[in-house]
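Reading the structure
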Amino acid sequence: MSKLLIPVDFSENAQVAAAYAAQIAQTTNNEITLFHSFTSHINKFANAKHLVDPTEEEAHRKMEDLVAKLLQKYPSIKISTLFTNGILAESLEKQEIKDQYQTVIMGTKGVTGLESVLIGSNTYDVIKESKIPVLAVPKNAVELKKDNIALLTNFKPGELEVLKQAIPLYGKDFHLQLIHINKNELEISVLDSKLKQWITQIIAETGIEDISYIVKAPSYFAGSRENIVNGIHTILRDEDIDVILITKSRKTFFQNLFTENIVKHMAFEIEVPNFFGRVD
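Remember, predicted model here, so these are calculated numbers, not experimental data. (Residues numbered from 1 in each chain as written. Predicted model: local features only at pLDDT ≥ 70, side-chain atom pairs only at ≥ 80, totals over all residues. Heavy atoms only, no water.)

As for the overall build of the protein
Stated formally: The helix count covers DSSP runs of H or I at least four residues long, the strand count covers runs of E at least two residues long, and both are numbered beginning at the N terminus. Buried, partly exposed and exposed residues are distinguished by accessible area as a fraction of the type maximum, computed with a 1.4 Å probe on protein chains only: under 20%, between the cut-offs, and over 50%, respectively. A contact between two residues is defined here by any heavy atoms of the two lying within 4.5 Å. Methods summary: accessible areas were calculated by the Shrake-Rupley approach with a probe of 1.4 Å, and residue burial reflects only the protein chains presented.
Each helix and strand in the protein was counted, giving 10 helices and 10 strands. Across the 280 residues that make up the protein, the buried fraction comes to 50%. Summarising the internal contacts of the protein: among those between residues at least 6 apart in sequence, 81% fall at separations of at least 24. Here the protein has roughly 13,700 Å² of accessible surface; of this, 47% comes from carbon and sulfur atoms.

Some details on the sheet that holds strand β6 (residues 148-152)
Just so we agree on the cut-off: Only when DSSP finds a minimum of two bridges between them are two strands counted as paired. A fitted line through C-alpha atoms represents every axis, and for helices the fit uses only the stretch in contact; the resulting angles, taken between N-to-C directions, go from 0 to 180 degrees.
The strand order β3-β2-β1-β4-β5-β10-β9-β6-β7-β8 describes an open sheet built from 10 strands, whose pairing is mixed. If you trace the sheet from one side to the other, it starts and ends with β3 (78-85) and β8 (211-216), each paired once. The average undirected angle you get between the axes of adjacent strands in this sheet is 25 degrees. Helix α6 (residues 157-170) contacts β1 (3-7), β4 (103-108), β5 (134-138), β6, β7 (175-181), β9 (243-248) and β10 (274-278) of the sheet and is inclined by roughly 135 degrees relative to β9. Against the sheet, helix α7 (residues 188-206) contacts β7 and β8, and its axis sits at roughly 145 degrees relative to β8.

Observations regarding the pairing of β7
Here is the rule: Handedness rule for crossovers: strands pointing away from the viewer, path from the first strand over the helix to the second running clockwise, crossover right-handed.
Counting buried positions along β7 yields 7 of 7 residues, so the element is predominantly enclosed. Covered by surrounding structure in β7 are His175, Gln177, Ile179 and Ile181 together with Leu176, Leu178 and His180, the residues of both alternating faces. A crossover links β6 with its parallel partner β7, the connecting element being α6, and its sense is right-handed. Taken together, the 6 bridges between β7 and β8 define a ladder with parallel strand orientation. When the bridges of β8 are listed, His180 appears paired with Val215. Assessed by its sense of winding, the connection that carries the chain from β7 through α7 to β8 is right-handed.

A look at the packing of α6 against α7
Put simply, the rule is: Roughly parallel means an angle under 35 degrees; roughly antiparallel means over 145; roughly perpendicular covers 65 to 115; every other angle is labelled oblique. A crossing counts as left-handed when the near helix is turned anticlockwise from the far one by less than a right angle, and as right-handed when that turn is clockwise. Residue type decides the class: Asp, Glu, Lys and Arg count as charged, Ala, Val, Leu, Ile, Met, Phe, Trp, Tyr, Cys and Pro as nonpolar, and the leftover types, Gly among them, as polar.
Here α6 crosses α7 at 40 degrees, and the two axes come no closer than 11 Å. Put simply, α6 runs oblique to α7. Taken as a pair, α6 and α7 cross one another with a handedness that is right-handed. Residues Glu159, Leu160, Leu163, Lys164 and Ile167 of α6 form the contact with α7, whose participating residues are Trp198, Gln201, Ile202, Glu205 and Thr206. Looking at the contact of α6 with α7 residue by residue, the class counts come to 5 nonpolar, 2 polar and 3 charged.

A closer look at the pattern of salt bridges
The cut-off we apply is this: The salt bridge criterion pairs a side-chain nitrogen of Lys or Arg with a carboxyl oxygen of Asp or Glu, the two atoms within 4 Å.
Enumeration over the complete set of coordinates arrives at 4 salt bridges. Measuring nitrogen to oxygen at the nearest pair gives 3.4 Å for the salt bridge that ties Lys139 to Glu12. Of the two residues, Lys139 is situated in the loop between β5 and β6 and Glu12 in helix α1 (residues 12-28); the sequence distance between them amounts to 127 residues. Residue classification places Lys139 among the partly exposed residues on the basis of a relative accessible area of 30%.

Below you can see the structure in the form of structure tokens.
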């Protein structure tokens, strides 16, 4: 049985992510671990042997309530809990997390405003530091949808690895929409041939057969990072995408094409669940 790690701060965003993870676990038989990190309080009780920080008691109580709420709606799933001290991103970069868990699933608000900056920054830190894939879930993703999944592609082997990392969560019974930015301005006939060969390889290595592609010229994004992100979101809306898969590595598609800041902007402005696969 695989385990999914769900960081929770008991906000509405975190509860949405926990429910989304529970829906995945219901279909995959994964165990979910609700993970709370104490990061905001000062250890003012360090010299008091018999006193307990009230924020810890409150966190344990809220965790019990969240577990009960999830089990009431998804009684077949298995849930465990984990508490630790320290910064979330630093906790998730530890080797024991990589050894024990398959994916981190966490909430992010995905809109503008102070709260989203704080949540978005935290999400990005986790995406950057985590040794395992991170699935970032926006507040509006209250229902698990997996009919139409997009993969940002530049024909790199790591992208296939990311797709394989997502299969345990979403299965193979979905339409895969490849999104390619024609940065080298290849002739359409050459690009079509390349994409067809790439699709043949994807089918052979993953068993996913329902695949199509969309190609955009760099000019579509008008040059700026903000417009690139807006352009990607426009594609996701136009194609009715349920989940987008993004390759994160030192030689990621995003870094080669637009610089790492695009991943950061995506983390701040998530509209659909974003699966950030990890490729070393």
